[in-house]
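Chains, contacts and geometry: an overview
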Amino acid sequence: MIMNGVNMTMTKGDSESFTVKAQDIHGNPVNLSPGDTVYFTVKVDPAKIGKSFQKVVTEFFDGLAEIYIRPEDTKNLKAGPYYYDIQVSFANGEVKTIIPQPGQIAKLFIAQEVTYE
């Protein structure tokens, strides 16, 4: 996976992973803890209903979430641009979209695979 700011590129059907950490409004780390839920949601069009795939994380190591993308998550998707966000539902009831920040657009580009096509 290639990450450039909030934009990511991966190959269709590959295994990938990345770590998510939360911060407060001042940029201070916020540890994710039991009872929190992290959602990584990918869609073709952010304005339309229906997601291409979603990963949900409820277990954390050192206050961080590890997002694992499995081959089956992307193998049936068309190569091309997608949109994503990462949202945290905290145990205390707060909900925060941590990526993208307001005014940003977060894209995941899924590149065509060659080996299995």
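Below you will find a few notes about this structure.

1. Observations regarding the environment of Phe 40
- One can find Phe 40 in strand E6 (residues 37–43).
- Not counting chain neighbours up to four residues away, the residues in contact with Phe 40 comprise Met 8, Phe 18, Phe 53, Gln 54, Lys 55, Ile 67, Ile 69, Tyr 84, Asp 85 and Ile 86.

2. Description of the pairing of strand E8 (residues 65–69)
- Side chains Ala 65, Ile 67 and Ile 69 project from E8 onto a buried face, and the interleaved Glu 66 and Tyr 68 project onto a face without burial.
- As paired elements, strand E3 (residues 16–20) and E8 share five bridges and run antiparallel to each other. Its bridge partner lying in E8, Val 20 is registered against Ala 65.

3. Some thoughts on the packing of aromatic side chains
- Throughout the structure, instances matching the rule amount to three aromatic pairs.
- Here the aromatic rings of Phe 18 and Phe 40 are separated by 5.2 Å at their centres, their planes lie at 75°, and the arrangement is edge-to-face. Linking Phe 18 in strand E3 with Phe 40 in strand E6, this pair joins segments that are 22 residues apart in sequence. You'll find Phe 18 and Phe 40 in the same group, each marked buried.

4. Description of unusual backbone geometry
- In the segment running from Ile 99 into Pro 100, the intervening peptide bond is cis, with an omega of 0°.
- Turning to its location among the elements, Pro 100 is positioned in the loop between strand E10 (95–99) and strand E11 (107–111).
- Here the phi dihedral of Asp 62 falls at roughly 55°; this positive angle occurs in a residue that is not glycine.
- Note that Asp 62 resides in the loop between strand E7 (53–57) and E8.

5. Re the pattern of salt bridges
- All chains considered together, the criterion is met by two salt bridges.
- The partner of Glu 94 in a salt bridge is Lys 96, and the shortest N-O contact between them spans 3.8 Å.
- Judged by its relative accessible area of 38%, Glu 94 falls in the partly exposed class.

6. Focus: the nonpolar core
- Counting 25 residues, the largest nonpolar core has Phe 18, Val 38, Phe 40, Ile 67, Tyr 84, Ile 86 and Leu 108 as the members making the most contacts within it.
- At the level of elements, strand E2 (7–11), E3, E6, E7, E8, strand E9 (80–89) and E11 are the ones that each hand at least two residues to this core.
- At four residues, E9 tops the list of elements feeding residues into this core.
- Once you skip the residues sitting within four places of it in the chain, Leu 108 turns out to touch Met 8, Met 10, Val 42, Phe 53, Gly 80, Pro 81, Tyr 82 and Tyr 84.

Reading guide: rules and limits
Residues numbered from 1 in each chain as written. Predicted model: local features only at pLDDT ≥ 70, side-chain atom pairs only at ≥ 80, totals over all residues. Heavy atoms only, no water. Helix = DSSP H or I, 4+ residues; strand = E, 2+ residues; numbered from the N terminus. Contact = heavy atoms within 4.5 Å. Buried < 20%, exposed > 50% of the residue type's maximum accessible area, 1.4 Å probe, protein only. Pairing = 2+ DSSP bridges. Phe/Tyr/Trp six-rings, centres within 6.5 Å; stacked < 30°, edge-to-face > 60°. Salt bridge = Lys/Arg side-chain N within 4 Å of Asp/Glu carboxyl O. Core = buried A, V, L, I, M, F, W, Y, C linked by side-chain atoms within 4.5 Å.

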